Amino acid sequence: MLAMLLRVVLIGLLLIASPAFAYGEFAHRTTAAIAEQNISPITKQRMNQLFRSEGLLGTPKCSLKNIGDASVWPDCIRRDRLRWGYTAAWHYQNIDICKPFAFPRACRSGNCVSAQIDRNAALLKDKALPIHVRLEALAFLVHFVGDMHMPLHTGDRSDRGGNNVSAAYGIIEGRMNLHWLWDGPLAERAITDGPEMVRRYSDTEKADVTTGSTEDWAREAWQISRDHSYPAAEDQPSCSAPLTIRGKVDNEEIKRLIPVQRLQIRRAGLRVARLLDESLQ
């Protein structure tokens, strides 16, 4: 009973706070922590060397001293719209779940999350670049892999990835939308409800999730949005009726969604590890 009360209080605090981060800070930092546990020693050494150039980036209000900071730094700098506002479109890509998966059409200009994952992996790998440029690329890479694995950063019903759909979370009514629900309280619940996610994974466990391309990973997130995110809120199959602008994800649905969210966070962490190993070897 006490545990349930504490959870309700925590979620209430989340509702009061402004949703400043594109994907909840707890989820981003957990993704980064999983990655750090699963990179090679040489990758970790080279990564930590990059953090020494933090001062050259000129972002004193947004710390970038470790991989945990890197996972949220791109959201922090967005507050400085004059300098960094152009990066806002890099955090997502809207792919209509009611049409066949159309990856190239979602990102013609390169201003989307999947294109920026590939771009920043290439920048990080380029040893000819200044160290602070590679550090910036590392932060964007870690963050954007996390963003893309949140299903509503990819799947969309012309509603800004669920931002236009009001959604109650269990018994919690209030100022929340479907996108925020997946970003915050559902991610927090998934991470804390089950075995510890931050650990060293076996080669077999890694092999199950680290294969594939950025497009493959985007398709997975899009399918989860289509098959789980929208149906849970609307209580009907996706695209079977006009979009409901007000929905509710009840407690039984939350329980069913927890494994889905845990899988995405685990995938994101291990895939960050793979990309860092490839870029820093």
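Heads up: the structure comes first, above all this text.
Rules of the game
Residues numbered from 1 in each chain as written. Predicted model: local features only at pLDDT ≥ 70, side-chain atom pairs only at ≥ 80, totals over all residues. Heavy atoms only, no water. Helix = DSSP H or I, 4+ residues; strand = E, 2+ residues; numbered from the N terminus. Rg over C-alpha atoms; globule rule 2.2 N^0.38 Å. Contact = heavy atoms within 4.5 Å. Lys, Arg positive; Asp, Glu negative; His and termini not counted. Charge placed at Lys NZ, Arg CZ, Asp CG, Glu CD. Salt bridge = Lys/Arg side-chain N within 4 Å of Asp/Glu carboxyl O. Buried < 20%, exposed > 50% of the residue type's maximum accessible area, 1.4 Å probe, protein only. Disulfide = S-S within 2.5 Å. Phe/Tyr/Trp six-rings, centres within 6.5 Å; stacked < 30°, edge-to-face > 60°. Expected span 1.5 Å × (residues − 1). Arc of directions from axis to C-beta. Core = buried A, V, L, I, M, F, W, Y, C linked by side-chain atoms within 4.5 Å.

The next point concerns the overall build of the protein chain. Along the protein chain, the regular secondary structure elements total twelve helices and four strands. Relative to the globule expectation of 19 Å for 281 residues, the C-alpha radius of gyration of the protein chain, 18 Å, shows essentially globular dimensions. By principal-axis analysis of the C-alpha atoms, the protein chain measures approximately 55 × 45 × 45 Å. For the protein chain, the share of sequence-separated contacts (at least 6 apart) that also reach a separation of at least 24 residues comes to 74%. Once the 36 positive and 32 negative side-chain charges of the protein chain are each reduced to a mean point, those two points are 3 Å apart.

A separate point is the pattern of salt bridges. By the definition in use, this model includes 13 salt bridges. Here Glu36 ties to Lys44 by a salt bridge, and the two come within 3.9 Å at their closest N and O atoms. Across the pair Arg78 and Asp75 runs a salt bridge whose closest N-O atoms are separated by 3.4 Å. On the basis of relative accessible area, Arg78 is assigned to the partly exposed category, the value being 28%. The buried category is assigned to Asp75, whose relative accessible area is 2%.

The next subject is the state of the cysteines. With the rule as written, the count across this model stands at three disulfides. Two residues share a disulfide in this structure: Cys98 and Cys239, whose sulfurs sit 1.9 Å from each other. Between Cys98 and Cys239 the sulfur-sulfur dihedral comes to about -90°; the bridge is accordingly left-handed. With Cys98 in the loop between strand E1 (95–96) and helix H6 (113–125) and Cys239 in the loop between helix H11 (214–234) and strand E4 (246–249), this residue pair connects regions lying 141 residues apart in the sequence.

Quick look at unusual backbone geometry now. Phi is positive for Ser158, close to 55°, though the residue is something other than glycine. Take Ser158: its relative accessible area is 66%, and that puts it in the exposed class. The residue Asp235 is not glycine, and still its phi comes out positive at about 60°. Structurally, the position occupied by Asp235 is in the loop between H11 and E4. On the accessibility criterion, Asp235 (55% relative accessible area) is exposed.

Time to look at the side chain of Lys206. Tracing the chain through its elements places Lys206 in helix H10 (residues 203–207). Those residues in contact with Lys206 that sit more than four places away from it in its chain are Asn38, Arg200, Tyr201 and Leu270.

This brings us to the packing of aromatic side chains. According to the stated counting rule, one finds nine aromatic pairs in the structure shown. An angle of 65° between the planes, with centres 5.6 Å apart, marks the rings of Trp73 and Phe140 as edge-to-face. Remark: Phe140 occurs in helix H7 (residues 131–148) and Trp73 occurs in helix H4 (residues 67–77); sequence separation between them is 67 residues. In this structure, Trp73 and Phe140 share a single accessibility class: buried. Judged by centre distance (5.3 Å) and plane angle (10°), the ring pair of Phe140 and Phe144 falls under stacked.

Helix length check: H6, at 13 residues, gives a terminal C-alpha distance of 18 Å against a target of 18 Å (1.5 Å per residue), a fit within 8%. Taken residue by residue, H6 has Val113, Ser114, Gln116, Ile117, Asn120, Ala121 and Leu124 as its buried positions. Buried residues of H6 fall within an arc of 160° about the axis and therefore sit on the same side. Buried residues in H6 make contact with helix H3 (41–51), H7, H11 and helix H12 (251–280).

Once that is clear, we can look at the nonpolar core. Ranked by internal contacts, the top residues of the largest apolar core, which has 64 residues, are Trp73, Leu138, Trp182 and Leu276. Setting aside residues no more than four positions away along its own chain, Leu276 makes contact with Ile39, Thr43, Met47, Ile67, Leu124, Leu138 and Leu141. Grouped together as the second largest cluster of nonpolar side chains are nine residues, Ala27, Ala187, Met197 and Ile265 included.

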